[in-house]
Amino acid sequence: MLANLHVKNFAIIDEIDVEFGGHLNILTGETGAGKSILVGSISIALGARVSSEMIGKNGDHAMVEAVFHISDEETLARIRELDIEPEDGQLVISRKITENRSINKINGESVPVSLIRKVAALCIDIHGQHEHQSLLDPDRHREIVDEYGGAKCIQVREETARLYHQYKKAEKEMRQDAVSSEERARQLGFLEYEKEEIETADVKPGEIEETEERYFRMSHAGAIAEVLGEVHERSGETAAGAVSQALRRLQEIRSLDPALDNFVEELMQIEGLLDDFNREVSDFMSDFHFDENDLEQTRRRLDLIHTLQSKYGETYDAIADHLRRVDEKLLQYADYETFLAKQKEEMESLGEELQKKCAVLSRCRRKSAAALEKKITEALQDLNFAHVDFAIQITPKEDFGADGGDDVEFMIATNPGEPRRSLAKVASGGELSRIMLAIKSVFADSDAIETLIFDEIDAGISGRTAQKVSEKMSVLGKRHQIICITHLAQIAAMADLHFVIEKDVTDHASTTRIRPLDKRETEEELARILGGVEITEAVRKNAREMKELADSQKQYS
């Protein structure tokens, strides 16, 4: 769960530090107080894009930090698969936003923002006030059905996608290989030329590097010989002679002090090293000879190698691989009709396998859809869709694709006697919010994600419907951490922990702050939501009764 959120110098937030509870956390506040900025800061901590314009007035950077406590073993295992090791089940995700870049860390170690997004997706699910619009896209309906089908359904879908891409690749290759006899003859001549050029050159493994090194050394032979001659002379006659003379002088006085023995031994070693060095230089110089003909032959060989590299690849392996592909193509053209027939047979075999896999996926979807349809219907009835008629319609597509051969669409009738129609033609914004909440509640029982954030998805509802939504939120809060921003008193009353977001204006500057409310302050905040401009004692009484009723419902639900 999201245990702590720390935000500093972000937009109109100077600094806030929020300790969230484990169940239903409600956030309320006046319009414009900064609720959207708070949710935005959470999104940014989880890897969302951010502009340097969001840096506040109190410094040259903004900081957002989210602390998670992870208890689900499956989630911990999946996080470890990303090479992130939670410390005692704790993850600290931080992002420092500067003018030019963001500095991203998990448990103090710098990571790319893409990794933060992957980790965050395992810990938290943010449902924004406009996300329900995705329900108007039938492709999203297919994803929801597949997700409800569990690991088996998702695995079959992935296998279907793999087969589909293999089939399309084979289809593309067949179109490319289907050439006329004239074109085939032209390509055949070109391929035979390439084969002869590579095989005649007969480049050996390691030869490219060896030839380049030999040519470089030979082309600088004059400079090498000149310097080595000078080195041999100085280290021989000059240095060796001086060391020998010093050694003789030292031996003359050796008997005068036993400590001089060490100097004698060291100088003898130096003399020996100089002798060895001179011998090795001399041997190298005696072997270091070639004529202009050797240099010219090496240059021509290197030119040939460079020509092959420019045509077929920089390395020996690349040139050899090109020759292998040429041989394969020549083999294809040697018995072209047989090759095409085999290629067609392989493509048809892939097509048959793909169709079978699509059929398996379709059966898996229909089974998932039947169970999900029933669950969503029950959840919709709990959300005051008393006469809802909901169905998941699965029909064959004109042609199969990476996602199988099914079109999936949610169909609904919200009033008795009406025919079921697509969500896009029936549902209002408020109804879409409730449908999305119903789907979330169905998935919540099996969802390993511990934290769900709902940002004003109560738009367009009121009265008894709002009460039903609040009860559903409370039920979700029993198994998940819920963080919900709302304008409705019915939902706010269900809070296990209630926060108010406020905006202070001082010296013509605005600052957002957030604080938890005690029992009396909670009732006062509910009264503000209910009463509007003037809060009377009657409104306060209503707020108090609403909170007491909500607490009793939570106690016995």
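Refer to the structure printed above.
Visitor: Teacher, can you tell me more about unusual backbone geometry here?
Guide: Generally, phi is negative for residues other than glycine and the peptide bonds are trans, each holding for most cases. Even without a glycine there, the phi angle at D83 is positive, about 65 degrees. Note that D83 resides in the loop between α2 (73-81) and β5 (90-97). Phi angles above zero are rare outside glycine, and D88 is one such case at about 55 degrees. Mapped onto the secondary structure, D88 falls in the loop between α2 and β5.

Visitor: How should a negative patch on the surface be read in this particular structure?
Guide: On the surface, E209, E210, E212, E213 and E314 cluster together into a negatively charged patch. Its location among the elements puts E209 in helix α7 (residues 207-219). Among the residues examined, E209 registers a relative accessible area of 48% and is labelled partly exposed.

Visitor: I tried to follow the sheet that holds strand β11 (residues 421-422) on my own but got confused; where do I start?
Guide: Across a sheet, strands are paired by hydrogen bonds formed along the backbone, either parallel or antiparallel in direction. In spatial order, the strands read β9-β10-β11; together these 3 strands make up an open sheet with antiparallel pairing. If you trace the sheet from one side to the other, it starts and ends with β9 (389-401) and β11, each paired once. As paired strands, β9 and strand β10 (residues 404-413) are joined by 9 bridges and run antiparallel to one another. Paired with Q393 across the strands is E409, a residue of β10. Helix α4 (residues 138-148) rests against β9 and β10 of the sheet, and its axis sits at about 100 degrees to β10.

Visitor: Explain the pairing of β5 to me, please; I cannot follow it from the model alone.
Guide: Within a regular beta strand, the side chains point alternately toward one face of the sheet and then the other, so they alternate between its two faces. Summarising burial for β5: 6 of the 8 residues are buried, a large majority. Taken together, the 8 bridges between strand β4 (residues 62-69) and β5 define a ladder with antiparallel strand orientation. Note on β5: the bridge partner recorded for A66 is I93. Sheet topology note: the β5/strand β6 (residues 102-106) ladder contains 5 bridges and is antiparallel. By the bridge assignment for β6, R95 is matched with N104. Joining the antiparallel neighbours β5 and β6 is a turn of 4 residues.

Visitor: What am I meant to see in the packing of aromatic side chains here?
Guide: A ring pair, where both rings are aromatic, is described by two values, the distance of the centres and the angle of the planes. Applying the stated rule across the entire model yields 3 aromatic pairs. Geometrically, the ring pair formed by F20 and F499 is edge-to-face, given 5.6 Å between the ring centres and 65 degrees between the ring planes. Of this pair, F20 sits in the loop between β2 (13-19) and β3 (24-29) while F499 sits in strand β14 (residues 497-506), placing them 479 residues apart in sequence. Note on accessibility: F20 and F499 belong to one class, buried. The interplanar angle of 65 degrees and the centroid separation of 5.4 Å between the aromatic rings of F390 and F410 together place this pair among those described as edge-to-face. Taken as a pair, F390 in strand β9 and F410 in strand β10 lie far apart in primary sequence, 20 residues in all. Comparing F390 with F410 shows no difference in burial state: the two are buried.

The rules behind each value
- Residues numbered from 1 in each chain as written.
- Predicted model: local features only at pLDDT ≥ 70, side-chain atom pairs only at ≥ 80, totals over all residues.
- Heavy atoms only, no water.
- Helix = DSSP H or I, 4+ residues; strand = E, 2+ residues; numbered from the N terminus.
- Patch = residues over 30% accessible without salt bridge, like charges linked within 9 Å, V, L, I, M, F, W, Y side chains within 5 Å.
- Areas by Shrake-Rupley, 256 points an atom, 1.4 Å probe, with all protein chains shown as cover.
- Salt bridge = Lys/Arg side-chain N within 4 Å of Asp/Glu carboxyl O.
- Lys, Arg positive; Asp, Glu negative; His and termini not counted.
- Charge placed at Lys NZ, Arg CZ, Asp CG, Glu CD.
- Buried < 20%, exposed > 50% of the residue type's maximum accessible area, 1.4 Å probe, protein only.
- Pairing = 2+ DSSP bridges.
- Contact = heavy atoms within 4.5 Å.
- Axes fitted to C-alpha atoms, helices over the stretch in contact; angles between N-to-C directions.
- Phe/Tyr/Trp six-rings, centres within 6.5 Å; stacked < 30°, edge-to-face > 60°.

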